[in-house]
Amino acid sequence: MVSPLDELPPPPARRPDLDEDFSGGLSEQRWIPHYLPHWTTPERSEARYRLVPGALELRIEADQLDWRPEDAPLRVSNLQTGTYSGPVGSARGTHRHREDGLLVRTETPQRLLFAPARGRVDVTVAASRDDGCMLAAWLIGTEHLADEDSGEICIFEIDADAIGATTVARSGLKAHHDPRLSSDMAEVTVPFDATRAHTWTAIWDGRETVIGCEGLVVRRVPHAPTYPLFLMIDLFEVGPPSGSHPKTATVHRVRGWTSESETDADQLPEPA
């Protein structure tokens, strides 16, 4: 557990660059409701979701296809704030998750709806306790400028079977194909049932990454990506379909600030 002294700073006083509570529906100017669509086909990447009062419910439904046949069994409903790929048949695209002949199947235009190189993101969610599910939020390198711009800030990954009176989540940094970064992931325990609405925060400035939950620091990584990252929020069903459907998790609010100056970026809390 973190010390009560390890508090996150308050959000910037200025208006967020991204502020979404889904009260106006799912905005095409803010969100792409597909999971890494360039590595698969639209009927497999498209999110299943439902608008509920004051939130959006991500869903895994009984007839939903695996995201890619090669990665089956794996079904996912995802919102992301950008896309990028090369042409069909190329190996260029965001988040090259496999080394064995991964090629673009659906050419996806470059769209960077929210992709800061430094900044802050606050994500308020309620996780799923449905069988085989994981709720996650990541900031991933777009790779549109260079293939090595591929690091990931893993804000959280919460498995359904890790939720109880306390919840265990994975959090930290993944280097992927970026030789300038070192992967640094760890399990953190938060003192509540993550099926209730709660807020995770990532703050990064090119020098350090700080991840928090409910206003307290849970991870501090002494380096950070220095290139554009877009946000992904995903509900996965990992493994063969089991239990009843639909399986659901809820996204209540997302706020994000792109840091525009050294002063604005220098929000990282000092270690206690």
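Owing to the predicted nature of the structure, the values given are computational and were not obtained by experimental measurement. (Residues numbered from 1 in each chain as written. Predicted model: local features only at pLDDT ≥ 70, side-chain atom pairs only at ≥ 80, totals over all residues. Heavy atoms only, no water.)

## What about the overall build of the protein chain?
Item 1. When its secondary structure is counted, the protein chain shows two helices and 16 strands.
Item 2. Against the 2.2 N^0.38 benchmark of 19 Å for 272 residues, the protein chain shows a C-alpha radius of gyration of 18 Å, consistent with a compact globule.
Item 3. Taken along its principal axes, the extent of the C-alpha atoms in the protein chain is 50 × 40 × 35 Å.
Item 4. Counting all 272 residues of the protein chain, 54% fall into the buried class.
Item 5. Pairs at least 24 residues apart make up 69% of the contacts formed inside the protein chain by residues separated by at least 6 positions. (Helix = DSSP H or I, 4+ residues; strand = E, 2+ residues; numbered from the N terminus. Rg over C-alpha atoms; globule rule 2.2 N^0.38 Å. Buried < 20%, exposed > 50% of the residue type's maximum accessible area, 1.4 Å probe, protein only. Contact = heavy atoms within 4.5 Å.)

## Some thoughts on the environment of Pro246
Item 1. Within the secondary structure, Pro246 is located in the loop between strand 15 (229–238) and strand 16 (247–258).
Item 2. Here Pro246 falls in the partly exposed class, since its relative accessible area comes to 36%.
Item 3. Through-space distance from the C-alpha of Pro246 to that of Gly25 is 20 Å; in sequence the pair is 221 residues apart.

## Considering the pattern of salt bridges
Item 1. Within this structure, the stated rule accounts for 30 salt bridges.
Item 2. For Lys174, the salt bridge is made with Glu152, and the minimal N-O distance between the two is 3.5 Å. Taken together, the residues Lys174 in strand 10 (residues 167–174) and Glu152 in strand 9 (residues 152–159) connect sequence positions 22 residues apart.
Item 3. In this structure Lys174 comes out as buried when scored by relative accessible area, which is 18%.
Item 4. A relative accessible area of 1% means that Glu152 is categorised as buried. (Salt bridge = Lys/Arg side-chain N within 4 Å of Asp/Glu carboxyl O.)

## Describing the pairing of strand 4 (residues 74–80)
When a strand is regular, its side chains alternate between the sheet's two faces.
Item 1. Within strand 4, seven of the seven residues are buried, which leaves the element mostly enclosed by the surrounding structure.
Item 2. Here strand 4 shows a buried face lined by Leu74, Val76, Asn78 and Gln80 and a second buried face lined by Arg75, Ser77 and Leu79.

## Side note on the nonpolar core
Item 1. Trp31, Leu139, Ile153, Ile155, Trp200, Leu231 and Ile233 are the most contacted members of the largest nonpolar core, which totals 47 residues.
Item 2. For Leu139, the contacting residues outside a window of four places in its chain are Val121, Gly151, Glu152, Ile153, Ile155, Ala202, Trp204, Leu229, Phe230 and Leu231.
Item 3. Judged by nonpolar contacts, the second largest core, of 16 residues, contains Trp138, Phe230, Met232 and Phe236. (Core = buried A, V, L, I, M, F, W, Y, C linked by side-chain atoms within 4.5 Å.)

## Quick look at the confidence of the model for the protein chain
Item 1. In this model, the protein chain carries a mean pLDDT of 94, and residues with pLDDT of at least 70 account for 93%.
Item 2. Under a pLDDT of 50 for its full length, residues 1–5 has, in the predicted model, eight contacts with residues more than four places off or in other chains. (pLDDT = per-residue confidence, 0-100.)

## Notes on the environment of Gly25
Item 1. Structurally, Gly25 is set in the loop between strand 1 (18–20) and helix 1 (42–45).
Item 2. Spatially, the C-alpha atom of Gly25 lies 24 Å from that of Trp67, the residues being 42 residues apart in sequence.
Item 3. Non-local contacts of Gly25, meaning those with residues more than four positions away in its chain, are made with Glu20 and Leu51.

## Focus: the packing of aromatic side chains
Aromatic ring pairs: the centre-centre distance and the angle between the two ring planes describe each pair.
Item 1. Counting across every chain of the model gives five aromatic pairs.
Item 2. Pairing Tyr35 with Trp67 gives two aromatic rings, centres 4.8 Å apart and planes at 70°, and the pair type is edge-to-face. One end of the pair, Tyr35, is in the loop between strand 1 and helix 1; the other, Trp67, is in the loop between strand 3 (55–60) and strand 4, and 32 residues separate them in sequence.
Item 3. Taken together, the aromatic side chains of Tyr35, Trp67, Trp138 and Phe236 make up a single cluster linked through ring pairs.
Item 4. One Lys or Arg, Arg196, reaches over the ring of Phe192 and ends 4.3 Å from the middle of that ring. (Phe/Tyr/Trp six-rings, centres within 6.5 Å; stacked < 30°, edge-to-face > 60°. Lys NZ or Arg CZ within 6 Å of the ring centre and 35° of its normal.)

## Topic: the side chain of Ser150
Item 1. Structurally, Ser150 is set in the loop between strand 8 (133–141) and strand 9.
Item 2. A relative accessible area of 3% places Ser150 in the buried class.
Item 3. In this structure Ser150 touches Arg96, Gly141, Glu143, Ala175, His176, His177, Asp178 and Tyr227, once residues within four positions along its chain are discounted.

## Comments concerning unusual backbone geometry
Item 1. Of note, the bond from Ala72 into Pro73 is cis; its omega dihedral lies within 30 degrees of zero at 0°.
Item 2. In this chain, His245 is followed by Pro246 through a cis amide linkage whose omega measures 5°.
Item 3. Although it is not a glycine, Leu36 adopts a positive phi angle of roughly 35°.
Item 4. You can see Leu36 is positioned in the loop between strand 1 and helix 1.
Item 5. Of note in this structure, Glu214 is not a glycine but carries a positive phi near 50°.
Item 6. The residue Glu214 is located in the loop between strand 13 (209–213) and strand 14 (216–221) in this model.

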